[in-house]
Amino acid sequence: EVQLVESGGGLVQPGGSLRLSCAASGLTVSSYRMNWVRQAPGKGLEWVSSISRGVVFTYYADSVKGRFTISRDNAKNTLYLQMNNLKTEDTAVYYCATIANVDGGTWYPGLTNYKYWGQGTQVTVSS
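Residues numbered from 1 in each chain as written. Predicted model: local features only at pLDDT ≥ 70, side-chain atom pairs only at ≥ 80, totals over all residues. Heavy atoms only, no water.

Visitor: Account for the overall build of the chain, naming residues and giving values.
Guide: Across its full length, the chain holds 0 helices and 11 strands. Helices (α) and strands (β) of the chain occur, in sequence order from the N terminus, as β-β-β-β-β-β-β-β-β-β-β. For 127 residues, the compact-globule estimate of 2.2 N^0.38 gives 14 Å, and the chain sits close to it at 14 Å. Within the chain, buried positions represent 43% of all 127 residues. In the chain, 56% of the contacts between residues at least 6 apart in sequence involve partners at least 24 apart. Looking at the chain, you have 11 positive and 8 negative side-chain charges, and the mean spots of the two groups are 5 Å apart. (Helix = DSSP H or I, 4+ residues; strand = E, 2+ residues; numbered from the N terminus. Rg over C-alpha atoms; globule rule 2.2 N^0.38 Å. Buried < 20%, exposed > 50% of the residue type's maximum accessible area, 1.4 Å probe, protein only. Contact = heavy atoms within 4.5 Å. Lys, Arg positive; Asp, Glu negative; His and termini not counted. Charge placed at Lys NZ, Arg CZ, Asp CG, Glu CD.)

Visitor: Got a sec to walk through the pattern of salt bridges? Specific residues and values, please.
Guide: Under the defined criterion, the tally for this structure stands at 4 salt bridges. Residue Glu-46 pairs with Arg-38 through a salt bridge whose shortest N-O separation is 2.8 Å. One salt bridge in this structure joins Asp-62 and Lys-65, with 3.3 Å as the shortest N-O distance. The exposed category is assigned to Asp-62, whose relative accessible area is 67%. (Salt bridge = Lys/Arg side-chain N within 4 Å of Asp/Glu carboxyl O.)

Visitor: Can you lay out the nonpolar core for me, pointing to particular residues and giving the numbers?
Guide: With 34 residues, the main nonpolar core has Trp-36, Phe-68, Leu-79, Leu-81, Met-83 and Tyr-94 as its most contacted residues. Only strand 3 (18–25), strand 4 (34–39), strand 5 (45–51), strand 7 (68–73), strand 8 (78–83), strand 9 (92–100) and strand 11 (121–125) provide two or more residues apiece to this core. (Core = buried A, V, L, I, M, F, W, Y, C linked by side-chain atoms within 4.5 Å.)

Visitor: Residue-level account of the state of the cysteines, with values.
Guide: Inspection of every chain in the model, using the stated rule, returns 1 disulfide. Linked covalently through their sulfurs, Cys-22 and Cys-96 form a disulfide whose S-S length is 1.9 Å. Across the S-S bond linking Cys-22 and Cys-96, the dihedral sits near 55 degrees, which makes this disulfide right-handed. Linking Cys-22 in strand 3 with Cys-96 in strand 9, this pair joins segments that are 74 residues apart in sequence. Both residues of the pair, Cys-22 and Cys-96, count as buried. (Disulfide = S-S within 2.5 Å.)

Visitor: Go over the sheet that holds strand 3, please, and point to the residues and values.
Guide: If you walk across this open sheet you meet the 4 strands as 1-3-8-7, and the pairing is antiparallel. What marks the edges here is a single partner per strand, and that holds for strand 1 (3–7) and strand 7. This sheet shows a mean twist of 15 degrees between the axes of neighbouring strands, independent of strand direction. One ladder, built from 5 bridges, connects strand 1 with strand 3; its direction is antiparallel. Its bridge partner being in strand 3, Ser-7 is matched across the sheet by Ser-21. (Pairing = 2+ DSSP bridges. Axes fitted to C-alpha atoms, helices over the stretch in contact; angles between N-to-C directions.)

Visitor: Could you give an account of the pairing of strand 5, with specific residues and numbers?
Guide: The side chains of a regular strand alternate between the sheet's two faces. The buried fraction of strand 5 amounts to 5 of the 7 residues, a majority that puts the element mostly inside the structure. Strand direction decides the pairing type here: strand 4 and strand 5, joined by 6 bridges, are antiparallel. When the bridges of strand 5 are listed, Trp-36 appears paired with Ser-49. Linking two consecutive strands that pair antiparallel, namely strand 4 and strand 5, is a turn of 5 residues; a positive phi of about 75 degrees is found at Gly-42 within it. Pairing analysis gives 3 bridges linking strand 5 to strand 6 (residues 58–60), with the strands arranged antiparallel. Along strand 6, the bridge assignment pairs Ser-50 with Tyr-59.

Here it is as structure tokens:
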């Protein structure tokens, strides 16, 4: 059984930083493309970032590029999202996710439909 568990969210002031974690079981994070997706209050899902399987390639939404960094720790089988210079617009529930349900599982930047999700962790950026 695949399980993804996010943690690390909380309340932070604009300009602050948080590091989100996604602990995986039932799959090896280095063998799957892993993604961070978020949902702000009253809004739809927004793809945030992706890290490739195997040799690392990373991808970011324009809204977070230069501020967020996706990474993984293979020994801990854990995915991370380092979030710096946070803005109020970053307020959302953040999810880790993998494997698309559409188009034979083909991934593309911006994709929000995945087979496996965590429960999410709340990030609130407010002064």
